[in-house]
Amino acid sequence: MNKTNLMALGLLSLSATSTSTAVFAGGNDDPLLTKVMLDQFEKGVDPQDPTQFSAQAWLGYDLNKLWLKTEGEYSNSDKQDFEIQALYSKPIAPYWDVQFGIKTDIKPTPNRNWAVIGVQGLAPYFFDIDAALFIGDQGRTAMRLSAEYELLITQKLILTPEVEVNLFGKDDAELGIGSGLSDISAGLRLRYEIVREFAPYIGVDWRQKLGNTADYARIEGEDTQETQFVIGFRAWF
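Note that the coordinates shown come from a computational prediction; the quantities given were computed from them, not determined experimentally.

About the criteria used
- Residues numbered from 1 in each chain as written.
- Predicted model: local features only at pLDDT ≥ 70, side-chain atom pairs only at ≥ 80, totals over all residues.
- Heavy atoms only, no water.
- Helix = DSSP H or I, 4+ residues; strand = E, 2+ residues; numbered from the N terminus.
- Contact = heavy atoms within 4.5 Å.
- Buried < 20%, exposed > 50% of the residue type's maximum accessible area, 1.4 Å probe, protein only.
- Pairing = 2+ DSSP bridges.
- Phe/Tyr/Trp six-rings, centres within 6.5 Å; stacked < 30°, edge-to-face > 60°.
- Arc of directions from axis to C-beta.

**Student:** Would you mind going over the environment of Gly 180 in detail, with residue names and values included?
**Tutor:** Assignment of secondary structure puts Gly 180 in strand β11 (residues 180-192). Along the chain, Gly 180 and Ala 142 lie 38 residues apart, while their C-alpha atoms are 9.0 Å from each other. Sequence-distant contacts of Gly 180, that is, excluding residues within four places in its chain, are made with Asn 166, Leu 167 and Phe 168.

**Student:** So what's going on with the pairing of strand β2 (residues 51-60)? Which residues, and what values?
**Tutor:** For β2, the buried fraction is high: seven of the ten residues fall into the buried class. Note: strand β1 (residues 33-44) against β2, ten bridges, orientation antiparallel. Looking at β2, one finds that Thr 34 is bridged to Leu 59. Adjacent in sequence and paired antiparallel, β1 and β2 are bridged by six residues. Of the strand pairs in this sheet, β2 and strand β3 (residues 65-76) are connected by ten bridges, and their pairing is antiparallel. Considered in β3, the bridge of Ala 55 is made with Thr 70. Connecting the antiparallel pair β2 and β3 is a turn made up of four residues.

**Student:** Which residues make up the environment of Gln 155, and what are the values?
**Tutor:** Among the structural elements, Gln 155 can be located in the loop between β9 (151-152) and β10 (157-168). In sequence terms Gln 155 and Tyr 192 are 37 residues apart; their C-alpha atoms lie 9.1 Å from each other.

**Student:** Please provide a residue-by-residue account of the packing of aromatic side chains, values included.
**Tutor:** All chains considered together, the criterion is met by six aromatic pairs. Between Phe 127 and Tyr 149 the ring centres are 5.0 Å apart and the planes differ by 40°, which places this aromatic pair in the tilted class. Here Phe 127, found in strand β7 (residues 127-136), pairs with Tyr 149, found in strand β8 (residues 141-149); they are 22 residues apart in sequence, far enough to count as distant. The class of Phe 127 is partly exposed, set by a relative accessible area of 36%.

**Student:** Explain helix α2 (residues 211-219) to me, and be specific about the residues and the numbers.
**Tutor:** For the α-helix, the turn length of 3.6 residues means that residues three or four positions removed from each other point alike. Among the residues of α2, those classed as buried are Thr 213, Ala 214 and Ala 217. Buried residues of α2, seen end-on, are gathered within an arc of 100° and therefore sit on one face of the element. α2 presents Arg 218 and Ile 219 as exposed residues on the side facing more than 90 degrees away from its buried surface. Against the buried residues of α2 lie β11 and β12 (198-209).

Below, the structure is given as structure tokens:
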């Protein structure tokens with residue numbers, strides 16, 4: 001093969017490479033995606049136990065997402081809890097995102113609005129971590145830390161222990177919340193994945209009010225500790 005043929009072959013290869021790259025770049029390799037996760041929807045086995053739920057959803061691209069988080073419980077018309085968060089999420093390290101936005105506590109009333117900054121991700125040994133700092137009006141601050149771990153007994157049978165703690169910077173007598181470590185809760189749920197997107201479960205949920213929050217509860221004649229066995233399901237799509 002002479003020099004002219006080699007140059008022609010090189011130009012042909014370069015042209016083919018350029019054409020191939022242009023075609024690849026023209027494809028949408030970062031599409032707009034969405035996911036909805038109903039992490040918990042459950043009811044205690046005692047008729048007096050509340051109905052509780054916790055759900056998340058996100059919409060966005062690989063590096064930039066809008067998250068919605070909501071959770072709540074309903075016992076009766078006088079005892080309800082409901083909150084919702086809208087957050088912008090961006091990765092800051094492998095498996096970790098920083099999230100910031102707003103949170104509204106709709107129930108109980110009076111409702112409270114908060115600015116939110118937090119991190120969510122997967123810690124070593126596969127612990128799911130969600131930590132957030134809330135800054136409200138009139139100098140209110142709060143923190144929440146939750147951790148969850150999934151233990152695969154089989155490919156379909158999964159045991160999930162979890163724990164959550166809440167702290168507040170100042171008393172909020174109208175809502176019966178005291179400053180300092182307010183409450184701690186722990187749960188243990190065993191689910192069976194009929195399909196990956198749907199799994200019924202049974203479990204036990206324990207909660208303990210602490211400090212000034214427990215004092216407010218005693219004044220109102222409420223229990224400071226609750227334990228309930230629950231039946232529920234989780235789903236995602």
